[in-house]
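Read off the chains here:
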Amino acid sequence: MIPLINGRAYDFTQILVKILGAPAASASAISYTEEQAKENNYGAGTRPVSRGHGAVTVSASITLSMNDVEAIRDIAPDGSLLKIPSFDVEVSFLNEQRVVTHVLKNCEFTNDGVESSQDDKDVKRSFNLIPSHIKYR
């Protein structure tokens, strides 16, 4: 067996997330997805004659530490994440073989708050985002 045929895999340690143009060093999880309803249309016979496409829906979430959340609150109107105008989130995968950057366009926070419990070493919370679309290239 020849080791490392494909080189190093993309992994979480290579991810750099930027919110409002600044690195979010505490981002410990990021998730984003696009979905589109697609449906076969039928006419004569038993096989589809065409296919219809619905709207593309986009969703995202990010988990941040209180340090980054409070830095974002410093520029938010009244300190509320819900009042921040649309912004882009850049997610760069810094793989030495091929760096790629995805951009979540026109994001807004859809929730705000704090979660913490006994013995937390780092106060983190997951926030939902509503992007307009994702630019993969």
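The notes below deal with the structure included here. Because the structure is predicted, anything quoted here is derived from the model rather than measured. (Residues numbered from 1 in each chain as written. Predicted model: local features only at pLDDT ≥ 70, side-chain atom pairs only at ≥ 80, totals over all residues. Heavy atoms only, no water.)

## Digging into the overall build of the protein
Where we set the bar: Note on conventions: DSSP H or I runs of at least 4 residues are helices, E runs of at least 2 residues are strands, and numbering of each starts at the N terminus. Note that the radius of gyration is over C-alpha atoms, with the globule rule given as 2.2 Å times the number of residues to the power 0.38. A simple rule labels every residue: compare its accessible area, found with a 1.4 Å probe on the protein chains alone, to the largest value its type can have, and call it buried under 20%, exposed over 50%, or partly exposed in between. What makes two residues a contact is simply this: any of their non-hydrogen atoms within 4.5 Å. Calculation of accessible area relied on Shrake-Rupley with a 1.4 Å probe; when residues are assessed, cover is drawn exclusively from the protein chains displayed.
When helices and strands are tallied, the protein shows 1 helix and 8 strands. Counting from the amino terminus, helix and strand elements in the protein follow one another as β-β-β-β-α-β-β-β-β. Radius of gyration (C-alpha) of the protein: 20 Å, far over the 14 Å computed for a compact globule of 137 residues. Along the first, second and third principal axes, the C-alpha set of the protein runs to 65 × 50 × 30 Å. By residue count, 30% of the 137 residues in the protein fall in the buried class. Considering only intrachain contacts with a sequence separation of at least 6, the fraction spanning at least 24 residues in the protein is 59%. Approximately 9,000 Å² of the protein is accessible, and the part contributed by carbon and sulfur atoms is 51%.

## Here we look at the pattern of salt bridges
Put simply, the test is: In the sections that follow, a salt bridge refers to a side-chain nitrogen of Lys or Arg positioned within 4 Å of a carboxyl oxygen of Asp or Glu.
Scanning all chains against the criterion turns up 8 salt bridges. The residue E115 makes a salt bridge to R125 at a minimum N-O spacing of 3.7 Å. A residue pair is termed long-range when its members are at least 10 positions apart, and E115 in the loop between β6 (99-107) and β7 (124-129) and R125 in strand β7 qualify at 10 residues. Classification of E115 as partly exposed rests on a relative accessible area of 47%. D119 is paired through a salt bridge with K121; the nearest N and O atoms lie 2.6 Å apart. The same class applies to D119 and to K121, which are both exposed.

## Considerations on empty space enclosed by the protein
The condition is simple: Method remark: on a 1 Å grid restricted to protein atoms, a set of points is classed as a cavity if a 1.4 Å probe fits but cannot get out and as a pocket if it is open with protein on both sides within 12 Å along at least five of seven lines; lining residues have an atom within 4 Å of a point. Grid points are joined across faces, edges and corners, and a volume is the space filled by probe spheres set on the points. Polar here means any residue other than Ala, Val, Leu, Ile, Met, Phe, Trp, Tyr, Cys and Pro, which are nonpolar, and Asp, Glu, Lys and Arg, which are charged; Gly is therefore polar.
Tallied over the entire structure, the rule returns 1 cavity of 30 Å³ or more. There is about 40 Å³ of room inside the largest cavity. L64, M66, V69, G113, V114, E115, V123, K124, R125 and F127 are the residues that line the largest cavity. Of all elements in the fold, only α1 (66-73) and β7 reach the threshold of two or more residues within the lining of the largest cavity. At 3 residues, β7 tops the list of elements feeding residues into the lining of the largest cavity. When grouped by side-chain class, the residues that make up the lining of the largest cavity number 6 nonpolar, 1 polar and 3 charged.

## Comments concerning the nonpolar core
We count it as follows: Grouping buried Ala, Val, Leu, Ile, Met, Phe, Trp, Tyr and Cys residues that are joined through side-chain atoms within 4.5 Å yields what is termed a nonpolar core.
With 26 residues, the main nonpolar core has I19, I62 and V89 as its most contacted residues. Breaking this core down by element, the ones donating at least two residues are β1 (15-19), β3 (29-42), β4 (48-65), α1, β5 (87-94), β6 and β7. In this view, V89 contacts V17, K18, I19, H102, V103, L104, C107 and L129; residues no more than four positions away in its chain are not counted.

## A short note on the sheet that holds β5
Just so we agree on the cut-off: Note on pairing: DSSP must find at least two bridges between two strands before they are called paired.
Spatial ordering of the open sheet is given by β2-β1-β5-β6-β8, a layout of 5 strands whose pairing is antiparallel. In this open sheet, the two strands that pair with only one neighbour each are β2 (22-23) and β8 (133-135). In terms of strand pairing, β6 meets β8 through 3 bridges, oriented antiparallel. By the bridge assignment for β8, L104 is matched with I134.

## So, the pairing of β6
Direction of pairing for β5 relative to β6: antiparallel, over a ladder of 7 bridges. Looking at β6, one finds that E90 is bridged to V103. Linkage of β5 to β6, two consecutive antiparallel strands, is achieved through a turn of 4 residues.

So, to be careful, I would describe these as geometric facts and stop short of saying anything about function.
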